[in-house]
Amino acid sequence: ESGAGKSTFINALRGLSDEDKDAAPTGVTETTMVPIVYPHPKLPNVQLWDLPGIGTLSFQPNQYLEQVTFNQYDFFIIVTSERFRENPARLATAIKAMNKKFYFVRSKVDLDVDASMRRRKAMFSEESVLNEIRRNCIQCLEHHSIQSAKVFLLSSFELNKYDFQYFQDTLAEELDKHKRHAFLLSLPNINAASIEKKKESLKGHVWKKALSVCLASVLPGCSVQNSIPLLTKTLTSYQQSFGLDDSSLCKLANQMNKSPHDLKTAIHSTIGKDISNYKVESLLNEAALSSSNVLSMVENWVPVVGVLVSGGVSFAAAYTLLNSSLDDFAQDSKRVLRKALGDVEEEKSEDAYSGDDAYLIFD
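Attention here is on the structure that accompanies the text. (Residues numbered from 1 in each chain as written. Predicted model: local features only at pLDDT ≥ 70, side-chain atom pairs only at ≥ 80, totals over all residues. Heavy atoms only, no water.)

**Quick look at helix α3 (residues 86–97)**
Line of reasoning, step 1. Look at α3: 17 Å from first C-alpha to last across twelve residues, which is about the 16 Å you get at 1.5 Å a residue.
Line of reasoning, step 2. Asparagine 99 sits one or two positions beyond α3 and adopts a positive phi of about 60°. (Helix = DSSP H or I, 4+ residues; strand = E, 2+ residues; numbered from the N terminus. Expected span 1.5 Å × (residues − 1).)

Right under this line is the structure:
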């Protein structure tokens, strides 16, 4: 429904604040009048669509599906800031009939928690408030014949709290392999668990990157030097995925009222401090000295490596460098997160997990 905070939610998924240049417009009145696509700022193939709210004068339920071209989206996130009424339920029924996945998000739960705390200071329990909201959402959906609904309680301004990690894990588990990788890379680094999942997803593709480097070093007329810019480009993309580039650090610092310099002091790794061609070449040479075991291991995965004898060291060295760099970037990202949130808040966000309508399309 309109006014549920769908545009702010889109911005949060893209790692943007409502005031950023490329953010989706937000406001207290309906701002999304036509379907608008927002490419992820770092992964342009990941597209998030902001659709108009259902049930407004411009978008009535009986015409809504045709107006927003429903069949072009991969899965749907239905967002409301209050109880789920008839229109979201009708929408979910139509999506189910198309054999596509959908998820319910109850937004702005931080406002409900704050309001409850002001009203019931002596008896306040955040867990009880959240359980009450969740139970009410499920009951409302069941009243409209939506059974076994997955409802996630979120705040677009505090992704490190409430159900966002659970939401992230659920979508990653249910998406196919290709879309799962793109989805994990697109999400902001909200806690140590999300950083680890992103690292493991990237590690699953390291052999492809290393093989590209290997081929670049053995093609006729080429040399090992051809692999350096390719490695630097890959490492730079890793840096951006973990939010360690200057732009991401400045954005995080602004959001958390921190100094970008202070956040940079949490970056300890050599590769995190310097991704120049010169430094990458130096690290590649170091990796070549310790990569003999890697080559025999990956020959079982990529048989062509055994044929490319002259490029074998390049492959093993590139694999070792990329794999270890992902470990370094992940550790740096966790330290930056702790620096931004404070150790106590970051620990709370991990402990909490251990335990307007928005839609997304991946191209």
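**Things to note about the nonpolar core**
What tends to happen in soluble globular proteins is that the nonpolar side chains get buried as a cluster.
Line of reasoning, step 1. Leu231, Leu235, Tyr238, Phe242, Val280, Leu321 and Phe329 are the most contacted members of the largest nonpolar core, which has 38 residues in total.
Line of reasoning, step 2. Elements that contribute at least two residues to this core include exactly α8 (192–203), α9 (206–218), α10 (227–241), α11 (246–255), α14 (277–289) and α17 (309–341).
Line of reasoning, step 3. The leading source of residues in this core is α17, at 13 residues.
Line of reasoning, step 4. In this view, leucine 321 contacts Leu231, Leu235, Val280, Leu283, Leu284 and Ala287; residues no more than four positions away in its chain are not counted.
Line of reasoning, step 5. Within the second largest apolar cluster, 27 residues are counted, among which are Ala24, Leu48, Phe164 and Leu184. (Core = buried A, V, L, I, M, F, W, Y, C linked by side-chain atoms within 4.5 Å. Buried < 20%, exposed > 50% of the residue type's maximum accessible area, 1.4 Å probe, protein only. Contact = heavy atoms within 4.5 Å.)

**Here we look at the side chain of serine 155**
Line of reasoning, step 1. Mapped onto the elements of the fold, serine 155 is located in the loop between β5 (151–153) and α6 (164–174).
Line of reasoning, step 2. Polar side-chain contacts of serine 155 include one of 3.3 Å to the side chain of aspartate 110.
Line of reasoning, step 3. When residues no more than four places from it in sequence are discounted, the contact partners of serine 155 are Val109, Asp110 and Tyr162. (Polar contact = N/O pair within 3.5 Å; in protein donor to acceptor, adjacent residues only side chain to side chain.)

**A short note on the packing of aromatic side chains**
Line of reasoning, step 1. Enumeration over the complete set of coordinates arrives at ten aromatic pairs.
Line of reasoning, step 2. Geometrically, the ring pair formed by phenylalanine 102 and phenylalanine 104 is edge-to-face, given 5.6 Å between the ring centres and 80° between the ring planes.
Line of reasoning, step 3. Given the relative accessible area of 0%, phenylalanine 104 is considered buried.
Line of reasoning, step 4. Relative to phenylalanine 167, the ring of phenylalanine 164 has its centre 5.8 Å away and its plane inclined at 45°; by these criteria the two rings are tilted. Of this pair, phenylalanine 164 and phenylalanine 167 both sit in helix α6, three residues apart, which is roughly one turn of the helix.
Line of reasoning, step 5. Of the residues examined, phenylalanine 164 reaches a relative accessible area of 0% and is grouped as buried.
Line of reasoning, step 6. The exposure class assigned to phenylalanine 167 is buried, which follows from its relative accessible area of 1%. (Phe/Tyr/Trp six-rings, centres within 6.5 Å; stacked < 30°, edge-to-face > 60°.)

**Quick notes on the state of the cysteines**
Line of reasoning, step 1. One pass over the structure, following the stated rule, counts zero disulfides.
Line of reasoning, step 2. No disulfide involves cysteine 137; its sulfur sits 6.7 Å from the nearest other cysteine sulfur, which is in cysteine 140.
Line of reasoning, step 3. For cysteine 137, a relative accessible area of 1% translates into the label buried. (Disulfide = S-S within 2.5 Å.)

**Focus on the pairing of strand β2 (residues 46–50)**
Line of reasoning, step 1. The element β2 is extensively covered by neighbouring structure, given that five of its five residues are classed as buried.
Line of reasoning, step 2. Residues of β2 alternate between two faces, with Val46, Leu48 and Asp50 on one and Gln47 and Trp49 on the opposite face, all of them buried.
Line of reasoning, step 3. Where strand β1 (residues 36–39) lies against β2, four bridges are found, and the strand directions are antiparallel. Bridge pairing in β2 places proline 39 opposite glutamine 47.
Line of reasoning, step 4. Here β1 folds back onto β2 in antiparallel fashion, the turn holding six residues. (Pairing = 2+ DSSP bridges.)

**Re the environment of serine 125**
Line of reasoning, step 1. Along the chain, serine 125 falls in the loop between α4 (109–119) and α5 (126–143).
Line of reasoning, step 2. On the accessibility criterion, serine 125 (28% relative accessible area) is partly exposed.
Line of reasoning, step 3. A sequence separation of twelve residues divides serine 125 from valine 113, and the C-alpha atoms of the two residues are 8.9 Å apart.
Line of reasoning, step 4. At 3.1 Å, the side chain of serine 125 forms a polar contact with the side chain of serine 128.

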